[in-house]
Amino acid sequence: MNALGGIGGLPGGSGADYPSAARVYDVLLGGSANFEVDREMAGRMLAAEPQANRFARANRSFLRRAVQGLLDEGIDQFIDLGSGLPTVGNVHEIVHATNPDGRVVYVDVDPVAVGYSRYLLAGVDGAAVVQADIRDVGSILEAPEIRRLIDFSRPVGVLAVAVLHFVEDAPAAILDRFRVATAPGSYLVVSHLTTPAQMSRETVGVVQRYRESTGSPLTFRTHDQVVDLFAGWDLLPPGVVPVDEWWPDPADLEESADLGPVPIWAGMGRLMPSARA
Ligand SMILES: C[S@@+](CC[C@H](N)C(=O)[O-])C[C@H]1O[C@@H](n2cnc3c(N)ncnc32)[C@H](O)[C@@H]1O
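Remember, predicted model here, so these are calculated numbers, not experimental data. (Residues numbered from 1 in each chain as written. Predicted model: local features only at pLDDT ≥ 70, side-chain atom pairs only at ≥ 80, totals over all residues. Heavy atoms only, no water.)

> Hey, could you go over unusual backbone geometry for me, with residue numbers and the actual values?
Excluding glycine, most residues fall at negative phi; most peptide bonds, likewise, are trans. Following Pro 237, the chain continues to Pro 238 via a peptide bond in cis, the omega torsion being 5 degrees. Note that Pro 238 resides in the loop between β6 (234–235) and β7 (241–242). Phi at Trp 247 takes a positive value of approximately 35 degrees, unusual for a residue other than glycine. Considering the arrangement of structural elements, one finds Trp 247 in the loop between β7 and α11 (250–256). (Helix = DSSP H or I, 4+ residues; strand = E, 2+ residues; numbered from the N terminus.)

Structure, rendered in structure tokens:
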């Protein structure tokens with residue numbers, strides 16, 4: 001039984017004809033909110049790069065550690081850009097486990113991811129989803145769910161995890177709009193695919209195949225380009241590093257031992273009062 005089968009009434013035509021970024025990632029994470037085309041695509045990726053699901057898990061683990069770290073700093077409201085299918089380690093569950101009054105607004109462009117998120121969030125206080133392209137920052141900031149749940153006079157955690165490599169042009173301009181909209185003390189969390197030069201031949205092949213099959217434009221960025229995404233934010237230690245090396249979880253390190261680096265950069269920045277322009 002496919003988890004998506006229970007929803008009914010998904011937006012028309014958004015189903016099983018083509019693999020989507022959100023659902024292929026869900027397959028790699030071991031989720032069940034995906035279709036046969038997505039599983040076939042993930043299978044081809046795993047045949048070419050057997051570590052693809054380790055990379056997906058490492059990214060998801062980073063997201064969990066970053067959100068937990070922000071909760072520990074007292075952040076209680078989050079905007080999750082490119083949130084995907086909330087099947088394995090949902091941000092609102094992490095937040096509500098620590099702070100039942102915490103607020104989370106998910107944003108994704110994929111109608112299936114959004115439909116499934118709405119289904120899961122029905123009756124959940126303090127969490128909502130907005131269907132929007134993250135390049136359309138104005139419509140996100142004006143969305144009723146954002147206006148209802150996010151108080152921009154207080155610090156916010158802005159999550160842009162494994163999404164900016166789907167944005168070809170000017171991702172920094174998107175983040176800058178959020179920087180200007182948020183209060184001092186807010187945080188920015190980013191993870192992003194590395195460049196082919198830093199990937200194994202297998203991973204390059206798999207990424208290319210993925211790009212061809214899903215039609216998703218994928219833009220690789222160097223370490224320095226990912227550092228530049230934090231312009232206006234104070235980049236916090238350890239800086240931009242491979243996702244599994246960002247304040248690693250000992251259990252993850254054990255899993256990764258001798259398997260090589262994960263080809264995804266990760267970092268966190270904080271909006272200092274002096275940085276607000
Ligand atoms: C690999 S998933 C990442 C999910 C989650 N952030 C994580 O890291 O676990 C990427 C998500 O970004 C979404 N996405 C891609 N381009 C987008 C855009 N321009 N606007 C909003 N969402 C986008 C995809 O639909 C997908 O759900």
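> Describe the site of the ligand, listing the residues and the values that go with them.
Near the ligand, the surroundings consist of 18 residues, among which Tyr 25, Arg 60, Gly 82, Asp 108 and Val 161 are the closest. Taking Gly 82, its main chain carries an N or O atom lying 2.8 Å from a nitrogen atom of the ligand. At a separation of 3.0 Å, a nitrogen atom of the ligand approaches a polar side-chain atom of Asp 133. Across the complex, the protein chains shield 94% of the 600 Å² of accessible surface that the ligand would expose by itself. The cavity that encloses the ligand is the largest pocket. (Near = heavy atom within 4 Å. Polar contact = N/O pair within 3.5 Å; in protein donor to acceptor, adjacent residues only side chain to side chain. Areas by Shrake-Rupley, 256 points an atom, 1.4 Å probe, with all protein chains shown as cover. 1 Å grid on protein atoms, 1.4 Å probe; cavity = no way out; pocket = protein on both sides within 12 Å on 5 of 7 lines; lining within 4 Å. Sits in = over half its atoms within 2 Å of the grid points.)

> Lay out the pattern of salt bridges in plain terms, naming residues and giving numbers.
Counted by the stated rule, this structure contains 8 salt bridges. The shortest N-O distance in the salt bridge between Arg 39 and Glu 36 comes to 3.3 Å. Linking Arg 39 with Glu 36, this pair stays in helix α2 (residues 36–48), spanning 3 residues, or about one helical turn. A salt bridge links Arg 147 to Glu 142; the shortest N-O distance between them is 2.7 Å. Here the two residues Arg 147 and Glu 142 agree in accessibility, since each one is exposed. (Salt bridge = Lys/Arg side-chain N within 4 Å of Asp/Glu carboxyl O. Buried < 20%, exposed > 50% of the residue type's maximum accessible area, 1.4 Å probe, protein only.)

> Outline the packing of helix α1 (residues 21–29) against helix α3 (residues 52–72), listing residues and values.
Direction vectors running N to C along α1 and α3 enclose 100 degrees, while the axes themselves pass 8 Å from each other. On the basis of the axis angle, α1 is roughly perpendicular to α3. In contact with Tyr 25, Leu 28 and Leu 29 of α1, α3 contributes Ala 52, Asn 53, Ala 56, Arg 57, Asn 59 and Arg 60. Here the residues of the contact of α1 with α3 are counted per class, giving 5 nonpolar, 2 polar and 2 charged. (Axes fitted to C-alpha atoms, helices over the stretch in contact; angles between N-to-C directions. Parallel < 35°, antiparallel > 145°, perpendicular 65-115°, else oblique. Contact = heavy atoms within 4.5 Å. Nonpolar A, V, L, I, M, F, W, Y, C, P; charged D, E, K, R; others polar.)

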